[in-house]
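Fold and geometry: a report
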Amino acid sequence: MTTRGPSVVLGVGGGIAAYKVASLLRLLTESGHDVTVVPTESALRFVGAPTWEALSGKPVRADVWSQVPEVPHVRLGKSADLVVVAPATADLMARAAAGMADDLLTATLLTARCPVVMAPAMHTEMWEHPATQANVATLTARGVHVVPPASGRLTGSDSGAGRLQEPEDLYAVCLRLLAGSPPAGEDQPAASDILVARATETSDASEGERGSLGGRRVVVTAGGTREPLDPVRYLGNRSSGKQGYALAQVAAARGAQVTLVSANAALAAPEGVEVVPVGTALELQDAVVQAAKDADVVIMAAAVADFRPRDVATTKIKKTHADTPGQRDESAPTIDLVRNPDILAGLVKVRGEATSPVLVGFAAETGDQSGSVIFHAMDKLVRKGCDLLVVNEVGDGLAFGTDGNTVHLLFRDGLPGAGYAPQIGPAPKDQIAAAVWDGIQTIL
Ligand code: CTP
């Protein structure tokens, strides 16, 4: 079964930053969104229709005079789950604020009843002009989410406020609005609060990451537990800890206070992160329960052993072992296992109403005859009751120990469309980590 993702209209204004919007389009389509690109005539002078058509897989038009029987100037806006306009130029925002409908994009903006987000980009003088600021105020008062531009290098040698926010950041705002948070309204500058710190703090995109998790306490588990059999052997798994470490690093870079509960990972501690080393599932449980007490988010990225040996031999189990003292046994020993606690399910069970941390689980899945990877993961999301499940496809050399990854995000409270699971990647694990945090921040 293929599930059609939410329907997004991507309006593109006539500014040089239009080239960056191709990346936003890619992020949206690759995560399963059904995107229709509506450029203005002048946007097509910067980036031509073939680019938008190739990336969206749909025909692209700017005027209202083609395919008239389909009434696109009404249909597109009415059927969209989200309209995002980037770059929103001074001229485009002026036309939208005045309620004009002189091309397909402005007509779509008039007919849309879904959340609308605009990402302005222009020269500082145009942005700061009272006319533009008045138009922004008008649009904001009508419920449009205007994402303030970043400061930094502009088209020429000049710099200042007016840079289009980075495509990844705009993508995060889109996910947040599609998830229904925040609701439209004047007291909701929050549509862009993921970005406000970045826009005002600094002109450098990577430094601009700092601050969006400022004041938050975060617990991340990473690695794989080892359940001892005797002083030299253990039952373990192949988790390297790389994804968990990347999640801790991104959270610290975004300003969070991070505790990383690390099970047997041979990795360097990320800067600014408190590392609590553990060995077994029971040790990991103790460390997590302790650290989770005043946490805003707990991410269970560690691969926790579901079973442990009932008894741990105090001396090395010999090949020719002795079950009964005095008797040498040439057969293989039988190892009795007992269940380990399900730590994530335990955290779900005890969470209070008001102070609950956001609980994030990881699911390493392979598809099998009874269902696909996503099928098993949805079952796990329900069973575990966490807020977000990051689904990792494993097997055939995927995920374990590698630097790259592909995951799906399954939200408990859902994004529009049952079974909708946006895909992140294939991408390096630090990029996956950033996208997972963007998803978590839509819940926060
Ligand atoms: N987990 C946990 N405690 C366990 C086992 C798993 O907290 N004893 C957490 C993992 O850290 C992960 C999530 O639960 O975030 C899912 O882990 P997984 O091993 O895929 O789930 P299981 O419930 O063990 O399901 P399966 O039967 O597929 O092994």
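Residues numbered from 1 in each chain as written. Predicted model: local features only at pLDDT ≥ 70, side-chain atom pairs only at ≥ 80, totals over all residues. Heavy atoms only, no water.

In this section: the nonpolar core. Counting residues in hydrophobic clusters, the biggest one holds 65 residues, and the most contacted among them are Leu10, Trp52, Leu247, Ile299, Trp437 and Ile440. Here the element with the most residues in this core is helix 9 (residues 167-178); it accounts for seven residues. Setting aside chain neighbours within four positions, we find Trp52 in contact with Val12, Ala18, Val21, Ala22, Leu25, Val37, Pro39, Leu44, Val47, Gly57 and Val60. (Core = buried A, V, L, I, M, F, W, Y, C linked by side-chain atoms within 4.5 Å. Buried < 20%, exposed > 50% of the residue type's maximum accessible area, 1.4 Å probe, protein only. Helix = DSSP H or I, 4+ residues; strand = E, 2+ residues; numbered from the N terminus. Contact = heavy atoms within 4.5 Å.)

Looking at the ligand, there are 15 residues lining it, with Met300, Ala302, Leu344, Lys380 and Lys384 nearest. Residue Leu344 places a main-chain N or O atom 2.8 Å away from an oxygen atom belonging to the ligand. When the free accessible area of the ligand is taken as 570 Å², the share hidden by the protein chains comes to 79%. Here the ligand occupies the largest pocket. Residue assignment for the shell around the ligand shows that the elements contributing at least two residues are helix 13 (343-349), strand 16 (358-365) and helix 14 (373-384). Ranked by residues supplied to the shell around the ligand, first place goes to strand 16 with four residues. (Near = heavy atom within 4 Å. Polar contact = N/O pair within 3.5 Å; in protein donor to acceptor, adjacent residues only side chain to side chain. Areas by Shrake-Rupley, 256 points an atom, 1.4 Å probe, with all protein chains shown as cover. 1 Å grid on protein atoms, 1.4 Å probe; cavity = no way out; pocket = protein on both sides within 12 Å on 5 of 7 lines; lining within 4 Å. Sits in = over half its atoms within 2 Å of the grid points.)

Another point: the sheet that holds strand 4 (residues 116-120). With parallel pairing, five strands are arranged side by side in an open sheet as 2-1-3-4-5. Each end of this open sheet is capped by a strand with a single partner; those strands are strand 2 (34-39) and strand 5 (145-146). For strand 1 (residues 7-12) and strand 2, the ladder comprises six bridges, and the chain directions are parallel. Looking at the pairing, Ser7 lines up with Asp34 of strand 2. Contacting strand 1, strand 3 (82-88), strand 4 and strand 5, helix 9 runs over the sheet at an angle of about 160 degrees to strand 3. (Pairing = 2+ DSSP bridges. Axes fitted to C-alpha atoms, helices over the stretch in contact; angles between N-to-C directions.)

Here we take up the packing of helix 1 (residues 18-30) against helix 3 (residues 49-56). The axes of two packed helices give the description: the angle between them and the distance between them. Remark: helix 1 packs on helix 3, axes separated minimally by 9 Å, with the N-to-C direction vectors making an angle of 15 degrees. The orientation of helix 1 relative to helix 3 falls into the category roughly parallel. Crossing handedness for the pair helix 1 and helix 3: right-handed. Along the contact surface, helix 1 presents Ala18, Val21, Ala22, Leu25, Arg26 and Thr29, while helix 3 presents Trp52, Leu55 and Ser56. Along the lines of polarity and charge, the residues of the contact of helix 1 with helix 3 split into six nonpolar, two polar and one charged. (Parallel < 35°, antiparallel > 145°, perpendicular 65-115°, else oblique. Left-handed = near helix turned anticlockwise from the far one by under 90°. Nonpolar A, V, L, I, M, F, W, Y, C, P; charged D, E, K, R; others polar.)

To continue, consider the layout of surface pockets. When its volume is computed, the largest pocket comes out at roughly 930 Å³. Lining the largest pocket are 40 residues, and of these Ala302, Ala303, Val304, Phe362 and Ala364 sit closest to its centre. Of the residues forming the lining of the largest pocket, the biggest block, four residues, is contributed by strand 16. Its residues assigned to classes, the lining of the largest pocket comprises 17 nonpolar, 13 polar and 10 charged. (Points joined across faces, edges and corners; volume = space filled by probe spheres on them.)

This brings us to the environment of Met118. Among the secondary structure elements, Met118 is positioned in strand 4. Between the alpha carbons of Met118 and Ala86 there is a distance of 6.2 Å; along the sequence they are 32 residues apart.

The element strand 17 (residues 388-393) is largely enclosed, with a buried count of five among its six residues. Sheet topology places strand 16 next to strand 17; six bridges connect them, and they run parallel. Within the sheet, the bridge partner assigned to Gly361 lies in strand 17 and is Leu389. For the handedness criterion, the β-α-β arrangement of strand 16, helix 14 and strand 17 is classed as right-handed. By the bridge criterion, five bridges tie strand 17 to strand 18 (residues 404-411) in an arrangement that is antiparallel. Bridged to Val390 within strand 18 is Leu409. (Right-handed = clockwise from strand over helix to strand, strands pointing away.)

As a further point, take helix 5 (residues 90-97). Counted residue by residue, helix 5 has six buried out of eight residues, so it is predominantly covered. Of the positions making up helix 5, those classed as buried are Ala90, Leu92, Met93, Arg95, Ala96 and Ala97. Of the residues one or two after helix 5, Gly99 is the one with positive phi, at around 75 degrees.

Looking now at the environment of Arg142. Here Arg142 lies in the loop between helix 8 (130-141) and strand 5. For Arg142, a relative accessible area of 53% corresponds to the exposed category. Placed 26 residues apart in sequence, Arg142 and Val116 show a C-alpha to C-alpha distance of 10.0 Å. Contact partners of Arg142, with chain neighbours within four places excluded, come to Ala96 and Ala97.

Opposite charge on two side chains permits pairing when their charged atoms draw close. Per the stated rule, a full pass over the model turns up 16 salt bridges. Put simply, Lys380 and Glu365 hold a salt bridge, and the shortest N to O gap is 2.7 Å. One end of the pair, Lys380, is in helix 14; the other, Glu365, is in strand 16, with 15 residues separating them in the sequence. Just as Lys380 is buried, Glu365 falls in that class too. Through salt bridges that share partners, Asp91, Arg95, Asp102 and Asp103 make up one connected network. (Salt bridge = Lys/Arg side-chain N within 4 Å of Asp/Glu carboxyl O.)

With that settled, the discussion passes to the pairing of strand 8 (residues 217-223). Taking burial as the measure, the seven residues of strand 8 include six buried ones, the bulk of the element. In this structure, strand 8 lies alongside strand 11 (residues 257-263), joined through seven bridges in parallel fashion. Its bridge partner lying in strand 11, Gly223 is registered against Ala263. Direction of pairing for strand 8 relative to strand 13 (residues 297-300): parallel, over a ladder of four bridges. Looking at strand 13, one finds that Val219 is bridged to Val298.

Turning our eyes to something else, we now look at the confidence of the model for the protein chain. Scored by pLDDT, the protein chain comes out at a mean of 84, with 86% of its residues at no less than 70. When the criterion is pLDDT under 50, residues 182-210 qualifies, and its contacts beyond four places in sequence or with other chains add up to 53 contacts. Counting contacts from residues 415-419, a segment whose pLDDT is below 50, to residues more than four positions away or on other chains yields 10 contacts. (pLDDT = per-residue confidence, 0-100.)

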